[in-house]
Amino acid sequence: MEIKEILAELEYNRGYFPYEAVREAIAQKEKIVPELLKILENVEKNMHQIEPTYMAHIYAMFLLAQFREKRAYPLIVDIFSHPGDTSDKIGGEFICEDLPRVLASVCHGDTTLIKRLIENRDADEFVRDAGLRTLLILVVNGEKTREEVIDYYKSLFRGKLEREDSMVWNSLVSYSSYLCDKAVYEDIKKTYEDDLVDPLFIDLEDVDEYLSMGRERNLNRLKKNWHYQFVDDTISSMKWWACFQPKKKATPDLLKPLKTKSKRKKIGRNDPCPCGSGKKYKKCCGSPVNH
């Protein structure tokens, strides 16, 4: 396939996964990387004109992450730094599921822009959460030390993060617990006292459990969880998405590039896990360190 043909196939969601086009994009890496970067530049400049079925930017981010292309790093951060629900409209479920993996894959251990994203009060709260998880992914994969990330998390607890109820606090408490950061235990307790954390997402009992498990056990379990790995295969990362699965009758949903973000429909942390284990969701599939 010619580059133009590949890009045309990746431009919109047509209800099927374009295996051949993605394979050709990977095979022609040197030729297609500049075009993928142009796609991200165009999306950042025309955020409010992106059509609901447009998917070129999603493919571009995955492919550039697989290629470990550092030039994509500032472009992706710029795209998701926009205020309001703009990020949700062009990213959807990708933000919660894959943005952290993509950022970790293209930043090469440089966390400057990621920290700027986390501290951006105007950015979508789930984007900021993705930034926090990116740091954890870097620890899991040995590109940042546990101590470096813990020191930064401490700075957020102690002044860098605005003390307003948001997903960012839920995540900060969770990820600090996964890293067994006992030095911020009092800070964590204070977040509950100040009603900054949703106990249905993570409560002090959960925090105590993660701390008791120990850092090595937590990190070893995270290493087995694909949510905490670099992007190394665009096809395996995307082919299973619901929007690519055949349906008997085509519906408007099929043409949506991504599902609505989980904040709009989610299982309660204390609800029974849908996998049928009989455990609470937060103790089973809802816990990254239990995978």
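Note that the coordinates shown come from a computational prediction; the quantities given were computed from them, not determined experimentally. Throughout this description, residue numbers start from 1 for each chain and increase along the sequence as written. Totals for whole chains, interfaces and linings use all residues, but because this is a predicted model, local features are given only for residues with pLDDT of at least 70 and pairs of side-chain atoms are given and counted only at 80 or more. Note that the side-chain values use all heavy atoms of the structure and ignore hydrogens as well as water.

### Considerations on the overall build of the protein chain
Next up, step 1: Counting its secondary structure elements, the protein chain contains 16 helices and 0 strands.
Next up, step 2: We call a residue buried when its accessible area falls under 20% of the maximum for its residue type, exposed when it is over 50%, and partly exposed in between, using a 1.4 Å probe and counting protein chains only. A total of 291 residues make up the protein chain; the buried ones form 53% of that total.
Next up, step 3: Any two residues having at least one pair of non-hydrogen atoms within 4.5 Å are treated as being in contact. Counting only contacts in the protein chain whose residues sit at least 6 apart along the sequence, the fraction spanning at least 24 positions is 71%.
Next up, step 4: Computed by Shrake-Rupley with a 1.4 Å probe, the accessible areas treat only the displayed protein chains as cover when residues are assessed. Taken as a whole, the protein chain presents about 13,700 Å² of accessible surface, with 49% of it coming from carbon and sulfur. Secondary structure elements are defined from DSSP: runs of H or I of at least 4 residues count as helices, runs of E of at least 2 residues count as strands, and each element is numbered from the N terminus.

### Quick look at the confidence of the model for the protein chain
Next up, step 1: What pLDDT expresses is the predictor's confidence in each residue, scored from 0 to 100. In the predicted model, the protein chain carries a mean pLDDT of 89, and 85% of its residues have values of at least 70.
Next up, step 2: Overall, residues 248-266 carries pLDDT values under 50, and its contacts beyond four positions in sequence, including any with other chains, amount to 40 contacts.

### Some remarks on the packing of aromatic side chains
When we look at a pair of aromatic rings, we describe it by the centre distance and by the angle of the planes.
Next up, step 1: Pairing of aromatic side chains requires ring centres within 6.5 Å, counting the rings of Phe and Tyr and the six-membered ring of Trp. Pairs whose planes differ by under 30 degrees are stacked, by over 60 edge-to-face, and all others tilted. This model, assessed by the stated rule, comprises 12 aromatic pairs.
Next up, step 2: When the centroid spacing of 6.2 Å and the interplanar angle of 75 degrees are considered together, the rings of W226 and W240 count as edge-to-face. Remark: W240 occurs in the segment after helix 16 (234-238) and W226 occurs in the loop between helix 15 (215-223) and helix 16; sequence separation between them is 14 residues.
Next up, step 3: Judged by relative accessible area, which is 37%, W226 ranks as partly exposed.
Next up, step 4: Judged by centre distance (6.1 Å) and plane angle (5 degrees), the ring pair of W241 and F244 falls under stacked.
Next up, step 5: Given the relative accessible area of 7%, W241 is considered buried.
Next up, step 6: Aromatic ring contacts, followed pair by pair, group F17, Y19, Y59, F62, F80, F94, W241 and F244 into a single cluster.
Next up, step 7: The criterion is that NZ of a Lys, or CZ of an Arg, lies within 6 Å of the ring centre and within 35 degrees of the ring normal, and then a charge sits over that ring. Sitting above the plane of the F230 ring, R68 keeps its charged end 4.4 Å from the centroid.
Next up, step 8: Just above the ring of Y228 sits the side chain of R133; from NZ or CZ to the centre is 5.8 Å.

### Side note on the nonpolar core
Next up, step 1: As used in this record, nonpolar core signifies buried Ala, Val, Leu, Ile, Met, Phe, Trp, Tyr and Cys residues forming a set joined through side-chain atoms within 4.5 Å. Core analysis: the biggest nonpolar cluster contains 94 residues, and L40, I76, F80, L99, Y153 and M238 have the highest contact counts within it.
Next up, step 2: Considering every element that reaches this core, the biggest residue donor is helix 10 (residues 125-140), with 10 residues.
Next up, step 3: Once residues within four sequence positions are removed from consideration, Y153 is found in contact with L132, L135, L136, L172, Y175, S176 and L179.

### Some remarks on unusual backbone geometry
Next up, step 1: Positive phi, normally seen in glycine, also occurs at R68, with a value near 55 degrees.
Next up, step 2: Structurally, R68 can be placed in the loop between helix 4 (56-66) and helix 5 (72-79).
Next up, step 3: For R68, a relative accessible area of 26% translates into the label partly exposed.
Next up, step 4: Backbone geometry at D195 places phi at a positive 55 degrees, although glycine is not the residue there.
Next up, step 5: Looking at where D195 falls in the secondary structure, it is placed in the loop between helix 13 (185-193) and helix 14 (204-213).
Next up, step 6: Judged by relative accessible area, which is 60%, D195 ranks as exposed.

### So, the pattern of salt bridges
Next up, step 1: A carboxyl oxygen of Asp or Glu within 4 Å of a side-chain nitrogen of Lys or Arg is what we treat as a salt bridge. Throughout the structure, instances matching the rule amount to 13 salt bridges.
Next up, step 2: The residue K144 makes a salt bridge to E148 at a minimum N-O spacing of 3.5 Å.
Next up, step 3: Given a relative accessible area of 40%, E148 falls into the partly exposed group.
Next up, step 4: The partner of R146 in a salt bridge is E147, with the nearest N and O atoms 3.6 Å apart.
Next up, step 5: A residue is classified by how much of its surface remains accessible, and E147, at 44% relative accessible area, is partly exposed.
Next up, step 6: The structure contains a network of salt bridges with shared partners spanning R163, K190 and D194.

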